[in-house]
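Take a look at the letters that make up each chain.
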Amino acid sequence: MKKGYADLPLHYGTVPIWLAKRMSLLGGAIVEAIVQEYGRKALLKKLSDPFWFQSLGCVLGMDWHSSGITTSVMNALKKSVNQRSSELGVYICGGRGKSSRNTPSELLDIAYKTGLNGEDLVKNSRLVAKVDNTAVQDGFQIYLHSFIVTQEGDWAVIQQGMNPFEKMARRYHWLSSSVKSFTEQPHTFIYGKNQGEILNLTDVKANSTKLGILELTKENPDKLMREISLIMPKHHEVLEKDVNLKRLGATLVLAHETNIQDIESLLLVNGVGPRTLQSLTLVSEVIHGTPSRFSDPARFSFAHGGKDGHPFPVPTRVYDETIEIFDKALHLAKLGEKDKYEALKNLSKISMNIEKDFIPDYKLQDWIEKERKNSWKYGGKTVLGDVIKNSDTSKIITKSGFKPGNKLKNIDTNQLSLFD
C-alpha cells in the first residue's frame, strides 16, 4: 500500500478573516467542481492524497509549507461544503481541538438525515483516532480529526499530530475503500518524518480491537511507514528546488505570453487579465490534474501567494475574480450551459500541451520579485495588513503593523513567519 510523509514545520496563529472567507468560497467551488465532474469517490480519493491536499492549500493562499494548511483548509471546506451537503452529498465532521470531540454526535446526526449506519461511522472514527494516536506512537499527539463522509457511506479521514519538542507536525490520510483492516497498514498516506522506534501500547485494558492494535506496535517503524517520499522544508521562501520550473513556466507562458484576445475567446469572458488567468490555470489543474501533477505543491502558491508573504502577498482582487468566474461557470453548467466550465477545464490541458516543448529560461526569483512589485495593484495582503507600493522587492511594506500599537512599517519577509 502506498505511503508518504513530509515534515510540516509547526506554525501557530490564526488565519485572517479576509483570507478565511476567500478560502471557503474557492474551496467550496473546487469541491463542487470535482463532485460534479468526477463524483464523490474521486473527491475522497483526492483528499486522501497528501500531495494533492498540500497543493489545494497552496492554491487557496495558505503558507505553502506549514502545518497550518491542514487546519485552515479543513475549516474552510467544512464551512462551505456543509452549507450544501444535501446538494453535494458530502458531509465534513470534526476539526481541531474541541471540534474533534464533536465528531461522534455530528456523525449520528448525519446518519439520521441520510439513513447511514451511525454507529459504524462513529466506530470507524474512533478506531482511526486510536490507531494514529496510540498504535502508531511516533511522538505526535493528535490534535485535529476531520471525518469526511458521503451519502453512500464512503469516507476519508485527515488527522494531524503535533510534536512540540521537534516543532513539527505530521498529517495522516485515510480512505475507507483502502482500509482492509484497521490493524494492518490502514493509511493511504502518513505525512511526516520517521521519528525512530515506535513505543509499545501503554493501555493494557485491551479488547479484541486493542489486541490487534497492540500487534501493530511491535512492527518496525520502517515497515509501518515505508515508501516515504515528500519532505516539506523549514525555509519560508519558495526556492527553485521547490518548484518544477517546466510546469510553472508553461502556466506563465499561457497567462502572460498568449494573445489576450484569444484567451478571452477561449474563456468566453471579457476582461480577464493575464494575472487572473495565471490563477485560473492553477486552480483548473487542482480540479482536473492527474496525481503525478502534484509532486511540487509549492508551484500552486503562484496562484494566490501566501498570507506570510511567501512567495508573495495574497492578491485579493485576483482571488475574488477567480472565485467569481468559477462560481458563474459552475452555476451555468448546472443550467446546461457548459461552455464556460469546459473552457476553464481546458486551461490545465492547454498548459500541459505548452509544457511538452517548453524549456525554462527564467529565474524563479525574478518572477517572485515581479509579483511582489505589482502586489499593490492586485490588492496584496499579508497577516500584517495591506501592501503599499514599494520598489524594494526584498521587503514588503504594509499600511499597518501586525497588531494595534505595532509601529513596524517595513517588514523583512524573512521575519514574517514570527507572526504565524
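Everything quoted here is computed from the prediction, not taken from an experiment.

## Describing the overall build of the protein chain
Within the protein chain, the regular secondary structure consists of 17 helices and 11 strands. Classification of the 420 residues of the protein chain by burial places 58% in the buried group. Within the protein chain, contacts between residues separated by at least 24 positions form 67% of all contacts whose residues are at least 6 apart in sequence. Split by element, the accessible area of the protein chain, about 18,300 Å² in all, is 51% carbon and sulfur.

## Some words on the environment of Ser284
Mapped onto the fold, Ser284 is located in helix α13 (residues 274-288). Here Ser284 falls in the buried class, since its relative accessible area comes to 1%. Distance from Ser284 to Leu344, taken between C-alpha atoms, is 6.4 Å for residues 60 residues apart in sequence. Not counting residues within four places of it along the chain, the set of residues in contact with Ser284 comprises Gly289, Phe326, Leu344, Lys345, Leu347 and Ser348.

## Topic: the nonpolar core
The nonpolar side chains of a soluble globular protein tend to be buried with one another. Of all hydrophobic cores here, the largest spans 72 residues; its most connected members are Ile30, Leu56, Val59, Leu60 and Phe302. It is helix α1 (residues 17-38) that contributes the most residues to this core, 10 residues altogether. Ignoring any residue separated from it by four or fewer positions in sequence, one finds Leu60 in contact with Leu19, Met23, Leu26, Gly27, Ile30, Val73 and Tyr319. Formed by 19 residues, the second largest nonpolar core is a distinct cluster that contains Val122, Val128, Trp155 and Met168.

## Describing the packing of α1 against helix α2 (residues 40-47)
In the contact formed by α1 and α2, the axes pass within 7 Å of each other and the chain directions differ by 130°. Considered as vectors, α1 and α2 are oriented oblique to each other. Taking contact as the criterion, the partners of Val31, Ile34, Val35 and Tyr38 in α1 are, on α2, Arg40, Ala42, Leu43 and Lys46. Here the residues of the contact of α1 with α2 are counted per class, giving 6 nonpolar, no polar and 2 charged.

## A look at the side chain of Arg275
One can find Arg275 in helix α13. Of note is the side chain of Arg275, whose polar atom sits 2.9 Å from the backbone oxygen of Ala303. Residues in contact with Arg275, not counting those within four places in the same chain, are His256, Phe302, Ala303, Phe312, Pro315, Val318, Glu371 and Tyr378.

## Focus on the packing of helix α3 (residues 50-59) against α13
Two numbers describe how α3 lies on α13: the axes approach to 10 Å, and their chain directions differ by 155°. Taken together, the axis directions place α3 and α13 in an arrangement best described as roughly antiparallel. For the pair α3 and α13, the crossing hand works out as left-handed. Across the interface between the two elements, Trp52, Ser55, Leu56 and Val59 of α3 pack against Leu282, Val283 and Val286 of α13. Partitioning the contact of α3 with α13 into residue classes produces 6 nonpolar, 1 polar and no charged.

## Comments concerning unusual backbone geometry
Omega for the bond connecting His310 with Pro311 falls within 30 degrees of zero, at 0°, which places this linkage in the cis form. On the secondary structure map, Pro311 appears in the loop between α14 (301-304) and β7 (314-315).

## Quick notes on the pattern of salt bridges
What the rule picks out here adds up to 18 salt bridges. Between Glu152 and Arg40 there is a salt bridge whose closest N-O contact spans 2.8 Å. With Glu152 in the loop between β3 (141-150) and β4 (155-163) and Arg40 in helix α2, this residue pair connects regions lying 112 residues apart in the sequence. Here Glu152 falls in the partly exposed class, since its relative accessible area comes to 43%.

## Things to note about the environment of Thr150
Take Thr150: it is sitting in strand β3. By relative accessible area, which is 1% here, Thr150 ends up buried. Residues Thr150 and Val90, 60 residues apart in the sequence, show an inter-C-alpha distance of 4.5 Å. Filtering out sequence-adjacent residues up to four positions away, Thr150 remains in contact with Arg40, Leu44, Gly89, Val90 and Leu116.

## Describing the pairing of β3
Counting buried residues along β3, 9 of its 10 residues qualify, which places the element largely inside the surrounding structure. Strand direction decides the pairing type here: strand β2 (residues 90-96) and β3, joined by 7 bridges, are antiparallel. When the sheet's bridge partners are listed, Gly95 is paired in β3 with His145. Here 8 bridges tie β3 to β4, and the two strands are oriented antiparallel to one another. Within β4, the residue paired with Val149 across the bridge is Trp155. Between β3 and the antiparallel strand that follows it, β4, lie 4 residues; Gly153 among them carries a positive phi value of about 95°.

Quick notes on the rules
Residues numbered from 1 in each chain as written. Predicted model: local features only at pLDDT ≥ 70, side-chain atom pairs only at ≥ 80, totals over all residues. Heavy atoms only, no water. Helix = DSSP H or I, 4+ residues; strand = E, 2+ residues; numbered from the N terminus. Buried < 20%, exposed > 50% of the residue type's maximum accessible area, 1.4 Å probe, protein only. Contact = heavy atoms within 4.5 Å. Areas by Shrake-Rupley, 256 points an atom, 1.4 Å probe, with all protein chains shown as cover. Core = buried A, V, L, I, M, F, W, Y, C linked by side-chain atoms within 4.5 Å. Axes fitted to C-alpha atoms, helices over the stretch in contact; angles between N-to-C directions. Parallel < 35°, antiparallel > 145°, perpendicular 65-115°, else oblique. Nonpolar A, V, L, I, M, F, W, Y, C, P; charged D, E, K, R; others polar. Polar contact = N/O pair within 3.5 Å; in protein donor to acceptor, adjacent residues only side chain to side chain. Left-handed = near helix turned anticlockwise from the far one by under 90°. Salt bridge = Lys/Arg side-chain N within 4 Å of Asp/Glu carboxyl O. Pairing = 2+ DSSP bridges.

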